[in-house]
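Below are the chains, spelled out letter by letter.
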Amino acid sequence: MTSTIKGLVKSETKYDGSDLRIAIVHARWNKSIIDSLVTGAVNKLKEAGVKESNIVIETVPGSFELPLACSRMISGSHIQVGSSVTDLLGGLNFGGPTSPKATSRTGTPAPAAALSNQPFDAVIAIGVLIKGETMHFEYICESVSHALMKIQLDTGVPVIFGVLTALSDDQALERSGLGRNGKPGHNHGEDWGLAAVEMGSHVRRWGEGKFAST
Ligand code: RBF
């Protein structure tokens, strides 16, 4: 048996995801591996209590498209919140008679389900890059990782780095839990689901000025 000092130590705290809203955006390149990673992430989100209705999944063609998707989805989730707040005003029309809202408002308050609209607490960006014969791998890995980091720092919303940068098919298969050559591997998607709940919980708490006591 081999032992190693590498890897993630499980958190001693069990984070409660029941009040969190999480987005997953995934690329479609190397689809079988992507599917396994997304399933792993979703399973762990649900295990942590995130409601299925609070998990939003979008797809983009390739990993290069992930940063823009994350950025737009984060800002879109704030707009969604803004519009549901207006809906809850139940027909109050601040526009004049020509306002488009004047005809669309019914005066009936929006159903309670609209309350579940809240900005995303975290976004998981999932892609699988496998090194080929050209320089694409290097360029995409570099730009995507920098861009995803920038988005989380600029928006304050955790962006979980769910991008496998594999040098071979085997590496990708092992890291998605599909395994190969007798090695079962580990599904990193599961870690990303847990990281999203942990980071979403931390950021909410930090935003309220609450910090771990020593
Ligand atoms: N996207 C991925 O998500 N994973 C890949 O391994 C991958 N390899 C690519 C290799 C080449 C030669 C090209 C042209 C694109 C590749 N893409 C890959 C797609 C890329 O992320 C993006 O979707 C397209 O370049 C369109 O912007």
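Quick note: structure is the one above.
Residues numbered from 1 in each chain as written. Predicted model: local features only at pLDDT ≥ 70, side-chain atom pairs only at ≥ 80, totals over all residues. Heavy atoms only, no water.

A. Spotlight on the site of the ligand. Around the ligand, a shell composed of Trp29, Asn30, Gly62, Ser63, Phe64, Glu65, Val128, Leu129, Ile130, His136 and Ile140 is seen. Taking Ser63, its side chain carries an N or O atom lying 2.7 Å from an oxygen atom of the ligand. A distance of 2.8 Å separates a nitrogen atom of the ligand from a polar atom in the backbone of Val128. Going through the elements one at a time, β3 (122-130) and α4 (136-155) are the ones with two or more residues in the shell around the ligand. Take the shell around the ligand: its biggest share by element is three residues, from β3. (Near = heavy atom within 4 Å. Polar contact = N/O pair within 3.5 Å; in protein donor to acceptor, adjacent residues only side chain to side chain. Helix = DSSP H or I, 4+ residues; strand = E, 2+ residues; numbered from the N terminus.)

B. Layout of the pattern of salt bridges. This model, assessed by the stated rule, comprises ten salt bridges. In this structure, Asp170 engages Arg180 in a salt bridge whose closest nitrogen and oxygen atoms are separated by 2.8 Å. Of the two residues, Asp170 sits in helix α5 (residues 169-175) while Arg180 sits in the loop between α5 and α6 (188-207), which places them ten residues apart along the sequence. What makes Asp170 partly exposed here is its relative accessible area of 24%. The closest approach of N and O atoms between Glu208 and Lys210, which form a salt bridge, is 3.1 Å. Residue class for Glu208 comes out exposed when judged on its relative accessible area of 51%. Under the relative-accessibility criterion, Lys210 is labelled partly exposed at 48%. One salt-bridge network, in which partners are shared between bridges, spans Asp19, Asp121 and Arg204. (Salt bridge = Lys/Arg side-chain N within 4 Å of Asp/Glu carboxyl O. Buried < 20%, exposed > 50% of the residue type's maximum accessible area, 1.4 Å probe, protein only.)

C. Up close: the side chain of Arg21. Mapped onto the secondary structure, Arg21 falls in the segment before β1 (22-27). Comment: no salt bridge for buried Arg21; closest opposite-charge side chain is Asp121, at 7.5 Å. Among the polar contacts listed, one links the side chain of Arg21 to the backbone oxygen of Gln118, at a separation of 2.6 Å. (Lys, Arg positive; Asp, Glu negative; His and termini not counted.)

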